[in-house]
Amino acid sequence: AKLDLHGMNRDEARLAVGEFLHECRARDLRCLRVVHGKGLRSPGREPVLKKLVLGWLAQHREVMAFCQARAAEGGAGAVIVLLAAR
């Protein structure tokens, strides 16, 4: 499953991540991809959502692990998430 946060502000993104994790868990999906972008259009070209998404993932008990995606999956602009089994 994949969630793309492009075009969202931080409040919208936080809500979307929480809902996405909840939906995936309900569907018993365990390997997910969250695309947060690389910040190329952000002021200072900083990846604002990247740091926030990593923090939000760390706060969810159902998230067992997460890491940067491979280049073919979005590289520095995405994160792969592993959810605990239900």
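Just above, that's the structure.
Computed from a predicted model, the values in this text were never measured in an experiment.

**Details of the pattern of salt bridges**
Logical step 1: In this structure the tally under the stated criterion is two salt bridges.
Logical step 2: Notably, a salt bridge pairs Arg 86 with Asp 28, separated by 3.9 Å at the nearest N-O pair. With Arg 86 in the segment after strand S4 (78-83) and Asp 28 in the loop between helix H1 (10-26) and strand S2 (31-35), this residue pair connects regions lying 58 residues apart in the sequence.
Logical step 3: By relative accessible area, which is 64% here, Arg 86 ends up exposed.
Logical step 4: Residue class for Asp 28 comes out partly exposed when judged on its relative accessible area of 44%.
Logical step 5: One salt bridge connects Glu 73 with Arg 70, and the closest N-O pair in it is separated by 3.3 Å.
Logical step 6: Glu 73 sits in the partly exposed class, given a relative accessible area of 24%.
Logical step 7: A relative accessible area of 59% means that Arg 70 is categorised as exposed.

**A word on the side chain of His 36**
Logical step 1: Relative to the assigned elements, His 36 resides in the loop between S2 and helix H2 (48-59).
Logical step 2: Excluding its chain neighbours within four sequence positions, the residues that come into contact with His 36 are Leu 5, Leu 49, Lys 50, Val 53, Ala 76, Gly 77, Ala 78 and Val 79.

**Concerning the pairing of S4**
Logical step 1: Of all six residues in S4, five are buried; the element is thus mostly enclosed.
Logical step 2: The pairing of S2 with S4 spans five bridges and is classified as antiparallel. Bridged to Val 35 within S4 is Ala 78.
Logical step 3: Inspection of the sheet shows strand S3 (residues 63-68) paired to S4 by five bridges, in the antiparallel sense. Note that in S4 the partner of Gln 68 across the bridge is Val 79.

**So, the packing of H1 against H2**
Logical step 1: Look at H1 against H2: their axes get within 11 Å of each other, and the N-to-C directions meet at 40°. By the angle class used here, H1 and H2 are oblique. Handedness of the H1/H2 crossing: right-handed. Contacts from Arg 10, Ala 13, Arg 14, Val 17 and Leu 21 of H1 reach H2 at Val 48, Leu 49, Leu 52, Trp 56, Leu 57 and Gln 59.
Logical step 2: Here the contact of H1 with H2 is built from residues that sort into eight nonpolar, one polar and two charged.

What counts and how
Residues numbered from 1 in each chain as written. Predicted model: local features only at pLDDT ≥ 70, side-chain atom pairs only at ≥ 80, totals over all residues. Heavy atoms only, no water. Salt bridge = Lys/Arg side-chain N within 4 Å of Asp/Glu carboxyl O. Helix = DSSP H or I, 4+ residues; strand = E, 2+ residues; numbered from the N terminus. Buried < 20%, exposed > 50% of the residue type's maximum accessible area, 1.4 Å probe, protein only. Contact = heavy atoms within 4.5 Å. Pairing = 2+ DSSP bridges. Axes fitted to C-alpha atoms, helices over the stretch in contact; angles between N-to-C directions. Parallel < 35°, antiparallel > 145°, perpendicular 65-115°, else oblique. Left-handed = near helix turned anticlockwise from the far one by under 90°. Nonpolar A, V, L, I, M, F, W, Y, C, P; charged D, E, K, R; others polar.

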